[in-house]
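# Analysis of the macromolecular model
The primary structure of each chain is shown beneath.
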Amino acid sequence: MSVVATVAGIPVRVDEVDAAEARLRAGPGAAALPSRGTGEGRQLRRWLTQLMVTERVVAAEADARGLSGRGAPSEAELLPDATARLELGSVAAAALADPRARALFADVTAGVWVADEEVAAYHARNPLRFAEPGREEHGWRAPPPVGPRLDDVRPAIADHLRGAARRRAFRVWLDARRAELVRLAPGYEHPGDPRQPDNVHRH
């Protein structure tokens, strides 16, 4: 059986990628997927391979740390909006559908914190970022002319900055673990790898 990748020496078989692709093509978003056999179709298979090896790296690390999904933060807590998903990357964001992956995220990033100076500097650069919009005639909303005091928005800014810092820390940690444990077969390189022929920038 053909192998598309190994994770810590354990093979990921092509039929597993076939099955994952078949599930996607049988799902509600099938019409938006690229056709099989095209460059975009091969990129989809590369993305699925990345997701599968990432899930295996995460599962192995969760096992090693004795983590279950019990008490894990929700996806909405870790990925509150589209920007957060972009910060983390589509593969890692998809992997966080698993509660054990979210427990691992919490464990890996537990020591991440934000200094008061960073909070104050952020507020100085973005004084209206956490301002409550004012209400005008006919229900229109508009930003207030003056931003809130730092003390009024300090917790919101700290949560915002710590969330971004945790996503960055987890992404860096996960990239390092994948580099250490994962070996990809030719044809199943990362979708963004400039050496593979389907990564062509087009307009």
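It should be noted that the structure appears before, not after, this text.
Report on the accompanying structure.

Thresholds, definitions, all that
- Residues numbered from 1 in each chain as written.
- Predicted model: local features only at pLDDT ≥ 70, side-chain atom pairs only at ≥ 80, totals over all residues.
- Heavy atoms only, no water.
- Core = buried A, V, L, I, M, F, W, Y, C linked by side-chain atoms within 4.5 Å.
- Buried < 20%, exposed > 50% of the residue type's maximum accessible area, 1.4 Å probe, protein only.
- Helix = DSSP H or I, 4+ residues; strand = E, 2+ residues; numbered from the N terminus.
- Contact = heavy atoms within 4.5 Å.
- Pairing = 2+ DSSP bridges.
- Axes fitted to C-alpha atoms, helices over the stretch in contact; angles between N-to-C directions.
- Phe/Tyr/Trp six-rings, centres within 6.5 Å; stacked < 30°, edge-to-face > 60°.
- 1 Å grid on protein atoms, 1.4 Å probe; cavity = no way out; pocket = protein on both sides within 12 Å on 5 of 7 lines; lining within 4 Å.
- Points joined across faces, edges and corners; volume = space filled by probe spheres on them.
- Nonpolar A, V, L, I, M, F, W, Y, C, P; charged D, E, K, R; others polar.
- Polar contact = N/O pair within 3.5 Å; in protein donor to acceptor, adjacent residues only side chain to side chain.

Val4, Val12, Leu79, Leu96, Phe170 and Leu174 are the most contacted members of the largest nonpolar core, which totals 32 residues. Contributions of two or more residues to this core are made by β1 (3-7), α1 (14-25), α2 (39-64), α4 (82-88), α5 (90-95), α6 (99-108) and α8 (150-181). Each residue touching Leu79, except ones within four places of it in the same chain, is listed here: Ala84, Arg85, Leu88, Ala93, Leu96 and Arg167. Counting residues in each nonpolar core, the second largest holds 6 residues, with Val114, Tyr122, Val153 and Leu161 among its members.

Strand order in the open sheet made by the 3 strands is β2-β1-β5, with antiparallel pairing throughout. The sheet terminates laterally at β2 (10-13) and β5 (182-184), the two strands that pair on one side only. Shown here is a sheet whose adjacent strand axes are inclined to one another by a mean of 25 degrees, direction ignored. Summarising the sheet, β1 and β2 pair through 4 bridges and their orientation is antiparallel.

So, about the packing of aromatic side chains. For the structure shown, the criterion picks out 2 aromatic pairs. Seen from their ring centres, Phe105 and Phe170 are 4.9 Å apart, and the 45 degrees between their planes marks the pair as tilted. Residue Phe105 is located in helix α6, and its partner Phe170 is located in helix α8; the two are separated by 65 residues in the primary sequence. Phe105 sits in the buried class, given a relative accessible area of 1%. We classify Phe170 as buried; its relative accessible area is 1%.

A positive phi angle is found at Ala8, which is not glycine, with a value near 55 degrees. Along the chain, the position of Ala8 falls in the loop between β1 and β2.

Below, the discussion takes up the layout of surface pockets. Of the pockets and cavities examined, the largest pocket occupies roughly 220 Å³. Residue assignment for the lining of the largest pocket shows that the elements contributing at least two residues are α4 and α8. Element by element, the count of residues in the lining of the largest pocket is highest for α8, at 6 residues. Classifying every residue of the lining of the largest pocket gives 5 nonpolar, 3 polar and 6 charged.

Bringing α6 into the picture now. Listed as buried for α6 are Ala101, Arg102, Ala103, Leu104 and Phe105. Buried residues belonging to α6 abut α2, α3 (75-78), α5 and α8. Two or three places before Arg100, at the opening of α6, Asp98 has a side-chain oxygen 2.9 Å from that residue's backbone nitrogen.

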